[in-house]
Amino acid sequence: MSRKRPPLLSTIGTKTTMAVTGLLLLGFVLVHMLGNLQVYAGREKLNAYAKLLQDAGGVLWVARGGLLAVFVLHVVSAFRVAAMNKAARPVPYVSAVPQVTSTAARTMLLSGLVVAAFVVYHVLHFTLGVVDAGNHGHLDAKGRHDVYGMVVAGFRQWPIALSYVVAQVLLFFHLAHGVSSAFQTLGVTHPRLAFLKGRFGTVVAGVVLVGNVSIPLTILLGLVPCGAC
Ligand code: HEM
């Protein structure tokens, strides 16, 4: 006799958690990208924006805690879904040639793990200053953390710029499939919203890819002035 799981831990409950947390993370990635694109507006704009976030104090820590909780829930539910899929088919297919699925769909766990590893590396880089420590913690003329100088000096080093580009390509594949899949799971049925389950994921993932990759690339090519960094 099979044990009945509480709704949140059932297959559909776990998939729904993965879908909702995935869309919340997408929201963060989009807002974060828009914030970062201010690097093109210059040192004053980017550093003022970073200071605004820093000055949010308690609110910033609540947002960080919420983001971390959402991230952990997303990863845990991804592993649970993978385990449930495996348990549903303990004997693998004799011929594992996929018929209708894309590369992005088959490599979700792998691309997700690489993106997760990138986030750890990225926080060690820009937030904690463990990676490229020499360019971290400088102040600008107004005594604010010189985030602009840190980003520009960081991406002028090709191994760092390249590692970001590679991570963004994997993020593209993860989002391209993940976003459409999330709307599929959430059961979007209205015909007018059908696009959300189709090309929308690829379009959003493409926007994130172009926006994010542009930053290390334009900096590496010397198109963003360094000033006093
Ligand atoms: C080329 C693309 C990116 C650039 C230039 C960038 C830039 C930055 C910078 C400058 C910070 C530190 C902000 C500060 O100390 O004031 C930061 C923090 C962070 N970034 Fe990014 N980022 C990029 C892509 C991403 C992506 C794709 C993700 C997630 C998938 C991400 C997640 C985070 C997180 C979680 C933090 C820590 C936030 C905190 O300290 O509260 N970033 N990023």
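In what follows, the accompanying structure is described.

Conventions adopted
Within every chain, residues take consecutive numbers counted from 1 along the sequence as written. Per-residue local features are limited, in this predicted model, to residues with pLDDT of at least 70; the limit for side-chain atom pairs, both in listing and counting, is 80 or more; totals at the level of whole chains, interfaces and linings are taken over all residues. Side-chain figures throughout are based on the complete set of non-hydrogen atoms in the structure, without hydrogens or water. Coordinating N, O and S atoms are those within 2.8 Å of the metal (3.2 Å for Na, K and Ca), and as water is not part of the atoms, a site may appear to have fewer donors than expected. In this scheme the shape depends on donor count and angles: four donors with every angle between 85 and 135 degrees give tetrahedral, four or six donors with opposite pairs above 155 degrees and others between 65 and 115 give square planar or octahedral in turn, and any other case is irregular. Going along the chain from the N terminus, every DSSP run of H or I of four or more residues is numbered as a helix, and every run of E of two or more is numbered as a strand. Residue burial is assigned from relative accessible area. The probe radius is 1.4 Å, only protein chains are included, and a residue is buried under 20% of its type maximum, exposed over 50%, and partly exposed in between. Here a residue counts as near a molecule or strand whenever at least one of its heavy atoms sits within 4 Å of it. We call two N or O atoms a polar contact when they sit within 3.5 Å, provided that within protein one can donate a hydrogen and the other can accept it, with sequence-adjacent residues counted only if both atoms are side-chain atoms. Any two of the Phe, Tyr and Trp rings considered here, Trp counted by its six-membered ring, make a pair once their centres fall within 6.5 Å; the pair's planes then place it as stacked at under 30 degrees, edge-to-face at over 60, or tilted in between. By nonpolar core is meant a set of buried Ala, Val, Leu, Ile, Met, Phe, Trp, Tyr and Cys residues that side-chain atoms within 4.5 Å join together. Whether two residues touch is decided by their heavy atoms; if any such pair falls within 4.5 Å, the residues are in contact. To obtain each axis, a line is fitted to C-alpha atoms, and for helices this fit is confined to the stretch in contact; angles are then taken between N-to-C directions over 0 to 180 degrees. Any angle between 65 and 115 degrees counts as roughly perpendicular, while under 35 counts as roughly parallel, over 145 as roughly antiparallel, and the rest as oblique. When residue character is reported, Ala, Val, Leu, Ile, Met, Phe, Trp, Tyr, Cys and Pro are called nonpolar, Asp, Glu, Lys and Arg charged, and the others, Gly included, polar. By the definition used in this description, the sense in which the near helix is turned from the far one sets the handedness, with an anticlockwise turn below a right angle giving left-handed and a clockwise turn giving right-handed.

Overview of the coordination of the iron atom of the ligand
Phase 1: Within the protein, His32 (NE2) and His122 (NE2) serve as the donor atoms for the iron atom of the ligand, at 1.9 to 2.0 Å.
Phase 2: Because the angles between the 6 donor atoms bound to the iron atom of the ligand fall within 85 to 179 degrees, the donor set is best described as octahedral. One end of the pair, His32, is in helix H1 (residues 11–36); the other, His122, is in helix H5 (residues 108–127), with 90 residues separating them in the sequence.
Phase 3: We classify His32 as partly exposed; its relative accessible area is 31%.

A closer look at the site of the ligand
Phase 1: Around the ligand, a shell composed of 19 residues is seen, among which His32, Asn36, Arg64, His122 and Asn212 lie nearest.
Phase 2: Within the side chain of His32, one N or O atom sits 2.8 Å away from a nitrogen atom of the ligand.
Phase 3: Asn36 places a polar side-chain atom, nitrogen or oxygen, 3.2 Å from a nitrogen atom of the ligand.
Phase 4: Counting residues per element, the ones that place at least two in the shell around the ligand are H1, H5, helix H6 (147–155), helix H7 (158–185) and helix H8 (200–220).

Details of the packing of aromatic side chains
To describe a pair of aromatic rings, one takes the distance between the centres and the angle between the planes.
Phase 1: Under the definition given, this model contains 8 aromatic pairs.
Phase 2: Ring centres 5.7 Å apart and planes at 75 degrees place the aromatic pair Phe126 and Phe155 in the edge-to-face group. Of this pair, Phe126 sits in helix H5 while Phe155 sits in helix H6, placing them 29 residues apart in sequence. The two residues Phe126 and Phe155 agree in class, both being buried.
Phase 3: When the centroid spacing of 4.7 Å and the interplanar angle of 75 degrees are considered together, the rings of Phe155 and Tyr164 count as edge-to-face.

Some remarks on the nonpolar core
Phase 1: Formed by 18 residues in total, the largest nonpolar core has its most connected members in Val39, Val151, Val152, Phe155 and Ile219.
Phase 2: Elements with a contribution of two residues or more to this core: helix H2 (43–55), H5, H6, H7 and H8.
Phase 3: Of the residues forming this core, the biggest block, 6 residues, is contributed by H6.
Phase 4: With sequence-adjacent residues up to four places away left out, Val39 is seen in contact with Leu46, Tyr148, Val152, Ile215 and Val224.
Phase 5: Leu26, Val179, Ala205 and Val208 belong to the second-largest nonpolar core, a separate cluster that totals 14 residues.

Describing the environment of Leu193
Phase 1: Here Leu193 is to be found in the loop between H7 and H8.
Phase 2: The spacing of Leu193 and Phe183 is 10 residues in sequence and 9.4 Å in space, taken between C-alpha atoms.

Observations concerning the side chain of Thr17
Phase 1: Along the chain, Thr17 falls in helix H1.
Phase 2: When its relative accessible area of 17% is taken as the criterion, Thr17 is described as buried.

Focus on the side chain of Arg144
Phase 1: Relative to the helices and strands, Arg144 is located in the loop between H5 and H6.
Phase 2: Here the side chain of Arg144 touches Glu44 through a polar contact of 2.8 Å, side chain to side chain.
Phase 3: Every residue in contact with Arg144, bar those within four places of it in the chain, is listed here: Glu44, Asn47, Ala48, Lys51, His138 and Leu139.

Observations regarding the packing of H7 against H8
Phase 1: Direction vectors running N to C along H7 and H8 enclose 170 degrees, while the axes themselves pass 7 Å from each other. As far as their axial angle goes, H8 and H7 are roughly antiparallel.
Phase 2: Each residue belonging to the contact of H7 with H8 can be placed in one class, and the counts come to 19 nonpolar, 6 polar and no charged.

Details of the packing of H1 against helix H3 (residues 58–88)
Phase 1: H3 packs onto H1 with a crossing angle of 140 degrees between their chain directions and a minimal axis gap of 8 Å. Considering the angle they form, H1 stands oblique to H3. Here H1 runs over H3; the crossing is left-handed. Between H1 and H3, the contacting residues are Thr11, Thr14, Lys15, Thr17, Met18, Thr21, Gly22, Leu24, Leu25 and Phe28 on the first element and Leu67, Val70, Phe71, Leu73, His74, Ser77, Ala78, Arg80, Val81 and Met84 on the second.
Phase 2: Tallied by class, the residues present in the contact of H1 with H3 amount to 11 nonpolar, 7 polar and 2 charged.

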